[in-house]
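One letter stands for each residue in the lines below.
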Amino acid sequence: MEGDRLESPVTIKGIERELICPACKELFTHPLILPCQHNVCHKCVKEILFAFEDTFADGGSESSNQSSPRIKISSSSMDRIDRISRSGRKRNSLTPRSSLFPCPGCQRDIDLGERGINGLFRNFTLETIVERYRQAARAAIAIMCDFCKPPPQESTKSCMDCSASYCNECFKIHHPWGTVKAQHEYVGPTTNFRPKILMCPEHEMERVNMYCELCRRPVCHLCKLGGCHANHRVTTMSTAYKTLKEKLSKDIEYLISKESQVKAHITQLDLLVKETECNSERAKEEASQSFEKLSHVLEEKKSAALKAIEASKNLRLEKLQTQAEEYQGLLENNGLVGYAQEVLKEPDPSFFVQTAKQLHVRIQKATESLKNFRPAAETTFEDFVVDIAKQEDILGDLAFHSNGLETPEINEEQSRVYNKALISWECPGKTDSADTYVLEYHKLNREEESATWQEIKVCSKSKVISDLDDNSSYAFRVRGYKASICSPWSQEVILHTPPAPVFSFLFDDKCGYNSEHLLLNPGRTSVESRAGFPLLLGSEHMQVGCYTTLDYIIGDTGIAKGKHFWAFHVEAYSYLVKVGVVSSSKIQKLFHNTHDVTSPRYEQDSGHDSGSEDAFFDSSQPVTLVTLGMKKFFIPMTPASPKDPASRILPLPSCLGICLDCDKGKVGFYDAGCMKCLYESKVDCSGMMYPAFALMGGAAVHLEEAVTARYGEYHDDI
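Criteria and thresholds
- Residues numbered from 1 in each chain as written.
- Predicted model: local features only at pLDDT ≥ 70, side-chain atom pairs only at ≥ 80, totals over all residues.
- Heavy atoms only, no water.
- UniProt positions renumbered as here; feature names shortened; annotations may be inferred.
- Salt bridge = Lys/Arg side-chain N within 4 Å of Asp/Glu carboxyl O.
- Helix = DSSP H or I, 4+ residues; strand = E, 2+ residues; numbered from the N terminus.
- Buried < 20%, exposed > 50% of the residue type's maximum accessible area, 1.4 Å probe, protein only.
- Pairing = 2+ DSSP bridges.
- Axes fitted to C-alpha atoms, helices over the stretch in contact; angles between N-to-C directions.
- Contact = heavy atoms within 4.5 Å.
- Phe/Tyr/Trp six-rings, centres within 6.5 Å; stacked < 30°, edge-to-face > 60°.
- Lys NZ or Arg CZ within 6 Å of the ring centre and 35° of its normal.
- Patch = residues over 30% accessible without salt bridge, like charges linked within 9 Å, V, L, I, M, F, W, Y side chains within 5 Å.
- Areas by Shrake-Rupley, 256 points an atom, 1.4 Å probe, with all protein chains shown as cover.
- Lys, Arg positive; Asp, Glu negative; His and termini not counted.
- Charge placed at Lys NZ, Arg CZ, Asp CG, Glu CD.

- The name an unreviewed UniProt entry assigns to the protein chain is Tripartite motif containing 36, from the organism Aquila chrysaetos chrysaetos.
- Quoted verbatim from the Subcellular location (unreviewed entry) field of UniProt, the annotation for the protein chain is "Cytoplasm, Cytoskeleton".

Here we look at the pattern of salt bridges
Next, step 1: Tallying each qualifying case throughout the model produces 11 salt bridges.
Next, step 2: E310 serves as the salt-bridge partner of K313, at 2.9 Å between the closest nitrogen and oxygen. Linking K313 with E310, this pair stays in helix 8 (residues 259-328), spanning 3 residues, or about one helical turn.
Next, step 3: A relative accessible area of 32% places K313 in the partly exposed class.
Next, step 4: One salt bridge connects D435 with K482, and the closest N-O pair in it is separated by 3.8 Å. With D435 in the loop between strand 16 (421-426) and strand 17 (436-443) and K482 in strand 20 (residues 473-482), this residue pair connects regions lying 47 residues apart in the sequence.
Next, step 5: Using a relative accessible area of 43% as the deciding quantity, one classes D435 as partly exposed.
Next, step 6: According to the relative accessible area criterion, K482 is partly exposed, its value standing at 31%.

A few points about the sheet that holds strand 12 (residues 234-236)
Next, step 1: Spatial ordering of the open sheet is given by 11-10-12, a layout of 3 strands whose pairing is antiparallel. Taken across any chain shown, the strands that pair with only one partner, and hence form the sheet edges, are strand 11 (217-219) and strand 12. On average, each strand axis in the sheet is inclined to that of its neighbour by 40°, with strand direction left out of account.
Next, step 2: Pairing of strand 10 (residues 210-212) with strand 12 involves 3 bridges; the strand directions are antiparallel. Residue pairing in the sheet places C212 in a bridge with V234 of strand 12.
Next, step 3: In this fold helix 7 (residues 237-257) packs onto strand 10, strand 11 and strand 12, with an angle of close to 90° to the strand it touches most, strand 12.

A few points about the packing of aromatic side chains
Next, step 1: A full pass over the atoms with the stated rule returns 16 aromatic pairs.
Next, step 2: Taken together, the aromatic side chains of F503, F505, F507, W566, F568 and F693 make up a single cluster linked through ring pairs.
Next, step 3: For the cation-ring pair, R316 lies above F381, with the distance from its terminal atom to the ring centre recorded as 4.3 Å.

Some points on a positive patch on the surface
Next, step 1: On the surface, K563, K664, K666 and K682 cluster together to form a positively charged patch.
Next, step 2: One can find K666 in strand 35 (residues 666-671).
Next, step 3: For K666, a relative accessible area of 34% puts it in the partly exposed group.

So, in structure tokens, the structure goes:
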């Protein structure tokens with residue numbers, strides 16, 4: 001038995017990188033298996049979740065994310081916590097809670113479900129391998145007995161049932177012959193104690209005996225009978241063990257059989273490393289020569305500019321000095337004035353007139369110059385300012401351009417902005433694609449002439465951006481890089497953010513939900529009205545020209561304050577759908593309306609021509625709704641609306657949005673594609689407000705999916 005447990009340390013040589021926790025960067029300690037199949041230390045998972053709770057309690061403040069210096073929480077998860085803490089929402093107590101966990105291995109947000117960390121399996125196999133590695137690394141370090149009086153003796157065996165290590169004497173004392181403890185399983189000294197039977201984390205008293213092929217995790221029979229795996233395909237544990245072991249063994253045998261090929265590849269890679277080093281030095285030399293040429297050009301331009309400035313300076317100084325000398329001569333007994341004073345002493349008229357005529361002209365010019373003084377030269381050198389703005393832009397884009405690298409194009413159909421921005425792009429040619437991309441974006445602001453681009457390096461062809469302002473427009477562009485070569489920038493694409501923070505909710509399947517007429521998907525993100533047999537039975541009680549009442553459904557989360565936005569899609573085949581908000585004080589009136597049969601003539605905002613010109617929107621209605629249907633958006637009638645019904649009918653956008661401002665008491669209906677407001681009205685927000693929907697006939701509504709990092713695709717399914 002002991003020999004089975006103590007395996008040779010040679011088998012774990014060189015696998016250190018597989019035994020490091022992606023969160024703490026240390027050897028795994030009690031690793032847990034996440035739904036994305038990555039492993040994280042139990043302590044690391046707890047620290048991250050505790051950091052989440054602290055952040056939520058502090059209202060999403062940055063200072064609260066300092067509880068664990070060794071754990072780094074992803075920005076996407078922090079944004080989600082901040083959004084929840086700011087929304088002022090109250091969730092229905094019947095709504096299940098779920099824990100969002102940012103996996104440090106794949107950087108994706110993983111839903112841990114209702115049980116959170118308690119629903120995760122402990123990876124005992126990985127724990128055993130880590131323990132063997134530790135023993136191989138510390139062969140000279142002994143494991144001491146847990147029961148010896150100080151000083152403790154070196155242990156000789158460990159009991160798997162007691163989860164403790166013993167020396168020979170202590171083992172005999174605590175496991176006396178003829179008792180139950182004498183039957184305990186013992187192995188060589190170890191610190192890795194794992195249970196003999198793997199128990200289900202969902203049902204702690206049940207052992208796992210099946211394997212869910214969809215979720216790729218062990219389950220017990222209760223999970224299959226009435227748990228979350230009820231409709232999943234499962235197989236027996238022995239079958240799963242045999243299948244997985246055969247596949248893993250076959251793959252390992254294949255790799256071992258290709259050892260010569262692997263060594264050849266390693267040799268080739270070593271040559272490529274040396275070749276890369278030589279080529280990089282050559283490329284550095286060529287790049288250095290190119291920049292030296294630019295430097296020579298700049299030096300020549302610099303020298304010419306400095307010479308021109310120096311020549312202009314000398315010319316101006318000469319003019320100013322001459323002018324100063326001329327004005328110096330206007331002083332008494334000096335220069336021109338002194339000469340004129342001497343001429344005035346001439347007694348002979350003929351000689352005086354001969355000299356004074358020319359002198360008088362010079363005196364008049366000096367007098368005129370004195371009255372209209374202007375410097376002979378300018379002191380500023382504004383004409384010699386070098387404009388390098390264009391050159392700076394060119395030098396900023398200076399890179400190793402290649403004609404063979406395709407210019408990426410942003411896919412506007414796949415790119416969207418909701419709670420975050422998802423930007424996707426592709427290369428038209430599909431050849432010589434880039435290794436990495438640089439995505440740049442900036443906020444469009446009329447006040448700023450030159451925008452500052454924010455840069456993100458991306459290894460895939462899509463990126464989620466979470467630091468955008470609400471009610472703003474942003475420009476995006478992308479370029480590809482292959483080694484040191486880059487493509488030109490793509491054409492800029494402008495996207496608009498929602499007018500308020502995104503409000504997350506699900507359809508409520510408890511309050512007033514009519515399961516006979518409405519059908520919810522399992523995730524409660526889509527609702528569809530059933531225009532089937534129950535509706536035909538109800539038609540027996542209908543009069544001519546009337547239809548049955550609408551089937552209402554509300555969101556499971558209410559809004560108490562602030563400004564919020566949510567979006568949804570209405571199927572094109574939908575006959576009649578109403579969307580809007582309802583106050584908590586009017587929910588009972590909404591679901592217990594006395595008008596079981598409603599006529600189109602008296603439906604206030606149905607969008608159908610009732611023939612009544614004064615059928616305006618009534619604020620006493622239990623809800624504030626607008627009508628959609630038959631691929632149209634019907635603007636409710638108001639006293640200011642035109643009488644022509646056609647002017648109130650707009651094409652139905654592919655995605656609609658609702659913006660509720662509780663502080664101002666307003667609700668707006670938007671085309672969520674371009675964030676254009678189609679209609680806005682006042683609403684009483686004195687109580688808790690809930691998103692409201694009503695359907696009749698064949699219709700369906702799908703809530704807009706939040707932009708978030710998704711699970712990676714699972715491969716190698718059984």
